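Take a look at the letters that make up each chain.
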Amino acid sequence: MKLWWAQLILNFAWSPAFFGAHQIGLALAIILILLAVIFSLVATAWQQDRTTAWMLTPYLIWVSFAS
């Protein structure tokens, strides 16, 4: 659950950094950390529940593309 909350907080933090403050460098750092956390979340889910891991995969792909 810690990874889930971490990705949720980072996801919420990205929009104000990018759109609100126009801090491109900060937004890039946030989204790269978010990408790493999502990857960790998918890897952890893969060990426990593969259906959940597969359901998180489009999110991982989208954030990779958005980065």
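Here the structure is a predicted model, which is why all the values come from computation and not from measurement. (Residues numbered from 1 in each chain as written. Predicted model: local features only at pLDDT ≥ 70, side-chain atom pairs only at ≥ 80, totals over all residues. Heavy atoms only, no water.)

Engineer: For this particular structure, what's the right way to read the overall build of the protein chain?
Structural biologist: Helix and strand counts for the protein chain come out as 3 helices and 0 strands. A total of 67 residues make up the protein chain; the buried ones form 28% of that total. Of all intrachain contacts in the protein chain linking residues separated by at least 6 positions in sequence, the fraction that spans at least 24 positions is 49%. As presented, the protein chain carries roughly 4800 Å² of accessible surface, and 74% of it is formed by carbon and sulfur atoms. (Helix = DSSP H or I, 4+ residues; strand = E, 2+ residues; numbered from the N terminus. Buried < 20%, exposed > 50% of the residue type's maximum accessible area, 1.4 Å probe, protein only. Contact = heavy atoms within 4.5 Å. Areas by Shrake-Rupley, 256 points an atom, 1.4 Å probe, with all protein chains shown as cover.)

Engineer: Hey, could you run me through the packing of helix H2 (residues 24–48) against helix H3 (residues 50–66) in this one?
Structural biologist: Pairs of packed helices are described in terms of their axes, by the angle between the two and the distance that separates them. At a closest axis distance of 8 Å, the pairing of H2 and H3 adopts a crossing angle of 165°. Between H2 and H3, the angle is such that the two are roughly antiparallel. Our pair here, H2 against H3, has a crossing hand that is left-handed. For the pair formed by H2 and H3, the contact residues are Ile31, Leu34, Leu35, Ile38, Phe39, Leu41, Val42, Ala45, Trp46 and Gln48 on the first element and Arg50, Thr52, Ala53, Trp54, Leu56, Thr57, Tyr59, Leu60, Val63, Ser64 and Ala66 on the second. Tallied by class, residues from the contact of H2 with H3 come to 16 nonpolar, 4 polar and 1 charged. (Axes fitted to C-alpha atoms, helices over the stretch in contact; angles between N-to-C directions. Parallel < 35°, antiparallel > 145°, perpendicular 65-115°, else oblique. Left-handed = near helix turned anticlockwise from the far one by under 90°. Nonpolar A, V, L, I, M, F, W, Y, C, P; charged D, E, K, R; others polar.)

Engineer: Would you take a moment to explain the nonpolar core for this structure?
Structural biologist: Buried together is how nonpolar side chains tend to be arranged in soluble globular proteins. Judged by nonpolar contacts, the single largest core of 18 residues is most densely connected at Leu34, Ile38, Val42 and Val63. The biggest single contributor to this core is H2, with 10 residues. Non-local contacts of Leu34, meaning those with residues more than four positions away in its chain, are made with Gln7, Leu10, Asn11, Tyr59 and Val63. (Core = buried A, V, L, I, M, F, W, Y, C linked by side-chain atoms within 4.5 Å.)

Engineer: Where do I start with the side chain of Gln7 in this structure?
Structural biologist: One can find Gln7 in helix H1 (residues 2–20). In this structure Gln7 comes out as buried when scored by relative accessible area, which is 2%.

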